[in-house]
Amino acid sequence: KAGVTQTPRYLIKTRGQQVTLSCSPISGHRSVSWYQQTPGQGLQFLFEYFSETQRNKGNFPGRFSGRQFSNSRSEMNVSTLELGDSALYLCASSLDELAPLLEYTDTQYFGPGTRLTVL
Amino acid sequence: TQLLEQSPQFLSIQEGENLTVYCNSSSVFSSLQWYRQEPGEGPVLLVTVVTGGEVKKLKRLTFQFGDARKDSSLHITAAQPGDTGLYLCAGPITQGGSEKLVFGKGMKLTVNP
């Protein structure tokens with residue numbers, strides 16, 4: 001099976017612009033989570049989508065948004081970019097929708113990330 | 001406030017040395033996970049520990065979950081240059097009825113040949 005793919009791998013934008021990042025999960029995985037990784041804050045949870053619905057959300061401003069399509073592919077969008085948005089954006093997919101209900105942590109498979117630089 | 005604190009944050013050692021990295025919290029976790037992330041890649045899951053006091057071994061890596069399920073450690077024996085990377089611990093928390101993973105900031109390990 002192919003792993004999680006993210007496009008583009010690198011992106012350079014200027015302040016005020018908006019950006020859309022794409023994530024294709026492992027075939028059959030229905031849950032997609034997005035994370036922001038910076039040297040100062042580490043890995044921080046942005047949001048999770050399952051069956052085209054946002055199931056969970058982290059503590060990020062409304063400029064960060066996402067969506068999931070019927071084929072489980074997901075996109076995240078950041079509007080009005082700020083310098084502090086420069087980061088590695090990681091997406092992770094997982095298989096078992098019953099995991100939260102059964103109270104165990106399903107394995108998340110991460111993509112290689114998109115490195116966003118805001119100038 | 002970081003829910004999971006990792007120490008040390010950086011470590012540079014010679015090939016063949018042993019090391020231990022710690023992951024501590026004031027909160028109880030149902031499970032903790034350890035990941036390794038190499039430059040240019042996403043984190044890869046190494047192990048999940050779920051029972052207080054549990055010890056798991058993966059070749060030269062030994063993972064332990066504290067009895068109170070508030071802390072975990074990763075011990076690497078006879079480190080090799082291929083062990084170089086960022087080691088992250090993570091645990092699930094429930095927020096708003098849904099579960100999410102929180103991560104420590106990681107321990108950046110460099111093993112010199």
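Caption draft 1: Quick peek at the sheet that holds strand β7 (residues 64–68) of chain A. All names here are of chain A. Taking strand neighbours across the sheet as the criterion, the four strands line up as β1-β3-β8-β7 in an open arrangement whose pairing is antiparallel. The open sheet is flanked by β1 (5–7) and β7, the only strands paired with a single partner. Pairs of neighbouring strands in the sheet enclose a mean axial angle of 20 degrees, with direction left out of account. Both strand β3 (residues 19–24) and strand β8 (residues 74–78) contribute to a ladder of five bridges, which runs antiparallel. In the strand pairing of β8, S22 is matched with E75.

Caption draft 2: Highlighting the packing of aromatic side chains. Enumeration over the complete set of coordinates arrives at eight aromatic pairs over all chains. Each ring, one from Y35 of chain A and one from F103 of chain B, has its centre 5.5 Å from the other, and the planes form 85 degrees; the classification is edge-to-face. Taken together, the positions of Y35 of chain A in strand β4 (residues 31–38) and F103 of chain B in strand β10 (residues 98–103) put the pair across two chains. Between F47 of chain A and Y49 of chain A the ring centres are 5.7 Å apart and the planes differ by 70 degrees, which places this aromatic pair in the edge-to-face class. This pair shows no difference in class: F47 of chain A is buried, exactly as Y49 of chain A is. Members of the aromatic cluster, each reached through a chain of ring pairs, are Y35, F45 and F110 of chain A together with Y35 and F103 of chain B. Sitting over the ring of F50 of chain A, R55 of chain A keeps its end group 4.5 Å from the ring centre.

Caption draft 3: Expanded view of the pattern of salt bridges. All names here are of chain B. Under the counting rule described, the total for this entry stands at eight salt bridges over all chains. For E54, the salt bridge is made with K56, and the minimal N-O distance between the two is 3.7 Å. Its salt-bridge partner being R60, residue D83 comes within 2.9 Å of it at the nearest N-O pair. Of this pair, D83 sits in the loop between β8 (71–76) and β9 (85–95) while R60 sits in the loop between β6 (55–58) and β7 (61–65), and the two are 23 residues apart along the sequence.

Caption draft 4: Structural view of the nonpolar core. Membership of the largest hydrophobic core comes to 23 residues, with the highest contact counts inside it found for W34, F63, L74, I76 and L109 of chain B. Contributions of two or more residues to this core are made by β3 (19–24), β4 (32–37), β5 (44–49), β7, β8, β9 and β11 (107–112) of chain B. Those residues in contact with I76 of chain B that sit more than four places away from it in its chain are E17, N18, L19, R60, L61, D83, Y87 and L109 of chain B. V19, W34, L46 and A87 of chain A belong to the second-largest nonpolar core, a separate cluster that totals 21 residues.

What counts as what
- Residues numbered from 1 in each chain as written.
- Chains lettered and ligands numbered in written order.
- Predicted model: local features only at pLDDT ≥ 70, side-chain atom pairs only at ≥ 80, totals over all residues.
- Heavy atoms only, no water.
- Pairing = 2+ DSSP bridges.
- Helix = DSSP H or I, 4+ residues; strand = E, 2+ residues; numbered from the N terminus.
- Axes fitted to C-alpha atoms, helices over the stretch in contact; angles between N-to-C directions.
- Phe/Tyr/Trp six-rings, centres within 6.5 Å; stacked < 30°, edge-to-face > 60°.
- Buried < 20%, exposed > 50% of the residue type's maximum accessible area, 1.4 Å probe, protein only.
- Lys NZ or Arg CZ within 6 Å of the ring centre and 35° of its normal.
- Salt bridge = Lys/Arg side-chain N within 4 Å of Asp/Glu carboxyl O.
- Core = buried A, V, L, I, M, F, W, Y, C linked by side-chain atoms within 4.5 Å.
- Contact = heavy atoms within 4.5 Å.

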